[in-house]
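Listed here are the chains, written in short residue letters.
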Amino acid sequence: MYRILIAKETEPLADGFRRLLADGVSAATTAHALDEMEVLMASGPQATIPVMAGRAEAGLGDPETVALSTALLTRDLLTALKRS
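A quick note: this is a predicted structure, and the numbers were derived from the prediction, not measured.

Calculation notes
Residues numbered from 1 in each chain as written. Predicted model: local features only at pLDDT ≥ 70, side-chain atom pairs only at ≥ 80, totals over all residues. Heavy atoms only, no water. Helix = DSSP H or I, 4+ residues; strand = E, 2+ residues; numbered from the N terminus. Contact = heavy atoms within 4.5 Å. Buried < 20%, exposed > 50% of the residue type's maximum accessible area, 1.4 Å probe, protein only. Arc of directions from axis to C-beta. Axes fitted to C-alpha atoms, helices over the stretch in contact; angles between N-to-C directions. Parallel < 35°, antiparallel > 145°, perpendicular 65-115°, else oblique. Left-handed = near helix turned anticlockwise from the far one by under 90°. Nonpolar A, V, L, I, M, F, W, Y, C, P; charged D, E, K, R; others polar. Core = buried A, V, L, I, M, F, W, Y, C linked by side-chain atoms within 4.5 Å. Salt bridge = Lys/Arg side-chain N within 4 Å of Asp/Glu carboxyl O.

Right, let's talk about the environment of F17 for a bit. Within the fold, F17 resides in helix α2 (residues 10-22). In contact with F17, other than residues within four places in its own chain, are T30, L34, M37, L77 and L81.

Before going further, it helps to spend a moment on helix α4 (residues 48-56). Taken together, the buried positions of α4 are P50, A53 and G54. All buried residues of α4 project into a common sector of 100 degrees when viewed along the axis, lining one side. More than 90 degrees from the buried face of α4, the exposed residues found are R55 and A56. Elements in contact with the buried residues of α4: α1 (2-7), α3 (27-40) and α5 (63-83).

On to the packing of α2 against α5. α5 packs onto α2 with a crossing angle of 60 degrees between their chain directions and a minimal axis gap of 9 Å. Put simply, α2 runs oblique to α5. Taken as a pair, α2 and α5 cross one another with a handedness that is right-handed. Within the contact between the two elements, α2 uses T10, E11, L13, A14, F17 and R18 and α5 uses D76, L77, A80, L81 and R83. Grouping the amino acids of the contact of α2 with α5 by side-chain chemistry returns six nonpolar, one polar and four charged.

This brings us to the environment of A56. Assignment of secondary structure puts A56 in helix α4. Residue A56 is classed as exposed on the basis of its relative accessible area, which comes to 55%.

One broad trend across soluble globular proteins is that nonpolar side chains are buried collectively. The biggest cluster of nonpolar side chains holds 12 residues, and these are L5, L13, A14, F17, L34, M37, M41, A42, L77, L78, A80 and L81. Those elements that provide at least two residues to this core are α2, α3 and α5. With four residues, the top contributor of residues to this core is α5. Beyond its immediate stretch of four places on either side in the chain, A14 contacts L77, A80 and L81.

Moving on to the packing of α2 against α3. For the pair α2 and α3, interaxial distance at closest approach is 7 Å and the crossing angle is 135 degrees. Between α2 and α3, the angle is such that the two are oblique. Of the residues in α3, those touching α2 at F17, L20 and L21 are A27, T30, A31, L34 and M37.

As enumerated under the stated definition, the model contains six salt bridges in all. Note that R83 and E11 form a salt bridge whose closest N and O atoms lie 3.8 Å from each other. Highlighted residues: R83 in helix α5 and E11 in helix α2, separated in sequence by 72 residues. Overall, R83 belongs to the exposed group, its relative accessible area being 62%. A salt bridge links E38 to K82, with the nearest nitrogen and oxygen atoms 3.6 Å apart. With E38 in helix α3 and K82 in helix α5, this residue pair connects regions lying 44 residues apart in the sequence. The partly exposed category is assigned to E38, whose relative accessible area is 28%. Bridged by salt links that share partners, the residues E11, D15, R18 and R83 form one connected network.

It is worth stressing that arrangement in space is one thing and function is another; only the former is reported here.
Laid out in structure tokens, this is it:
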């Protein structure tokens with residue numbers, strides 16, 4: 001997920017989630033995934049997924065920066081979705 005968050009601008013990524021939320025087939029699953037992202041990613045750099053993303057960068061980059069970026073970019077995405 002970290003790679004997607006850094007590769008895409010927030011608004012186009014949010015647009016993709018909006019389309020999924022608007023589709024009856026994917027709406028419930030997407031809403032559930034966003035709820036999980038709130039807890040597992042956006043709650044801070046010590047959350048489960050940011051820590052895992054940071055560990056994946058060990059030896060290649062700065063794990064603390066990756067963890068923080070993952071949490072902040074997820075928060076940006078969730079905030080963009082709440083604005084719409």
